[in-house]
Amino acid sequence: MEIKVNNVSKKISEQGKFTLQQLLDAEIPGAHKGIAVAVNSNVIPKNNWNDHALLSGDEILIIKATQGG
């Protein structure tokens, strides 16, 4: 399956269901505080990350909050 993460194409070789949580664990190991995620321009609430299955062609946008002014 091929997806885009922040406009970068990625090939995922997972067999079966590949969730948003699995992607985030691979892309941002550790804590997932202070991030927001949209799939195909739809914001996915954090409590749905583990259940949201990704599909080939999905475009994922990961936004990380930063401190400063």
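Quick caveat: nothing in here was measured; it's all calculated off a predicted structure.

Below, the discussion takes up the pattern of salt bridges. As enumerated under the stated definition, the model contains 2 salt bridges in all. Note that Lys-11 is salt-bridged to Glu-2, the shortest N-O span being 4.0 Å. Residue classification places Lys-11 among the exposed positions, given a relative accessible area of 71%. Classification of Glu-2 by relative accessible area gives partly exposed; the value is 37%. As a salt-bridge pair, Glu-27 and Lys-10 come within 3.4 Å of each other at their nearest N and O atoms. With Glu-27 in helix α1 (residues 20–27) and Lys-10 in strand β2 (residues 8–11), this pair connects stretches of sequence that are 17 residues apart. Overall, the relative accessible area of 26% leaves Lys-10 in the partly exposed class.

Relative to the elements of secondary structure, Leu-24 occurs in helix α1. Spatially, the C-alpha atom of Leu-24 lies 18 Å from that of Thr-66, the residues being 42 residues apart in sequence. Apart from the residues within four sequence positions on either side, Leu-24 is in contact with Pro-29, His-32, Ile-35, Val-37, Trp-49 and Ile-62.

Further remarks concern α1. Regarding α1, the residues found buried are Leu-20, Gln-21, Leu-23 and Leu-24. Burial along α1 is one-sided: seen end-on, the buried residues are contained in an arc of 160°. Each element contacted by the buried residues of α1 is listed here: β1 (2–5), β3 (35–39) and β5 (59–64).

Cut-offs used in this document
- Residues numbered from 1 in each chain as written.
- Predicted model: local features only at pLDDT ≥ 70, side-chain atom pairs only at ≥ 80, totals over all residues.
- Heavy atoms only, no water.
- Salt bridge = Lys/Arg side-chain N within 4 Å of Asp/Glu carboxyl O.
- Buried < 20%, exposed > 50% of the residue type's maximum accessible area, 1.4 Å probe, protein only.
- Helix = DSSP H or I, 4+ residues; strand = E, 2+ residues; numbered from the N terminus.
- Contact = heavy atoms within 4.5 Å.
- Arc of directions from axis to C-beta.

Note that all results are geometric; they support no functional claim without further evidence.
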